[in-house]
Amino acid sequence: NCSYFKHFTPGQSSEIFEVTTQKEYSISAAAIAIFSVGFAIIGTICVLFSFTKKRDYLLKPASMFYTFAG
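Parameters at a glance
Residues numbered from 1 in each chain as written. Predicted model: local features only at pLDDT ≥ 70, side-chain atom pairs only at ≥ 80, totals over all residues. Heavy atoms only, no water. UniProt positions renumbered as here; feature names shortened; annotations may be inferred. Helix = DSSP H or I, 4+ residues; strand = E, 2+ residues; numbered from the N terminus. Buried < 20%, exposed > 50% of the residue type's maximum accessible area, 1.4 Å probe, protein only. Contact = heavy atoms within 4.5 Å. Polar contact = N/O pair within 3.5 Å; in protein donor to acceptor, adjacent residues only side chain to side chain. Patch = residues over 30% accessible without salt bridge, like charges linked within 9 Å, V, L, I, M, F, W, Y side chains within 5 Å. Areas by Shrake-Rupley, 256 points an atom, 1.4 Å probe, with all protein chains shown as cover. Salt bridge = Lys/Arg side-chain N within 4 Å of Asp/Glu carboxyl O.

As recorded in an unreviewed UniProt entry, the protein chain goes by the name CCG1 protein, listed as coming from Brachypteracias leptosomus. Checking UniProt for the protein chain, the heading Subcellular location (unreviewed entry) contains the comment "Membrane".

Right under this line is the structure:
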């Protein structure tokens, strides 16, 4: 079972430690992932507008949004 492991010390009884993920880390990882997807979507919108309307000045913000998404 991955939720616990036993730590044996010589001459003493075994202690069971629970291994759990911290909730703060998972929430912050989810928030970073959502922001990353948002930046990628905004970058894609900038690229599409630059190709359809022949506005080359939108490629620089698109590259910045893709960099932020990474």
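From this point, things continue past the structure.
1. Looking at the environment of I32
Following the sequence through the fold, I32 ends up in helix α1 (residues 23-53). By relative accessible area, I32 is classed as exposed at 59%. Separated by 37 residues in sequence, I32 and A69 have C-alpha atoms that sit 9.1 Å apart.

2. Some remarks on the environment of Y66
Tracing the backbone shows Y66 in helix α2 (residues 59-69). Considered as a pair, Y66 and S36 are 30 residues apart in the sequence and their alpha carbons are 8.6 Å apart. Leaving out residues up to four positions away in the same chain, Y66 has contacts with A40, G43, T44 and V47. Within the structure, Y66 has its side chain in polar contact with the side chain of T44 (distance 3.0 Å).

3. Some details on a nonpolar patch on the surface
On the surface, V37, I41, I45 and F49 cluster together to form a nonpolar patch covering roughly 370 Å² of accessible area. With respect to the helices and strands, I45 occurs in helix α1. Residue class for I45 comes out partly exposed when judged on its relative accessible area of 41%.

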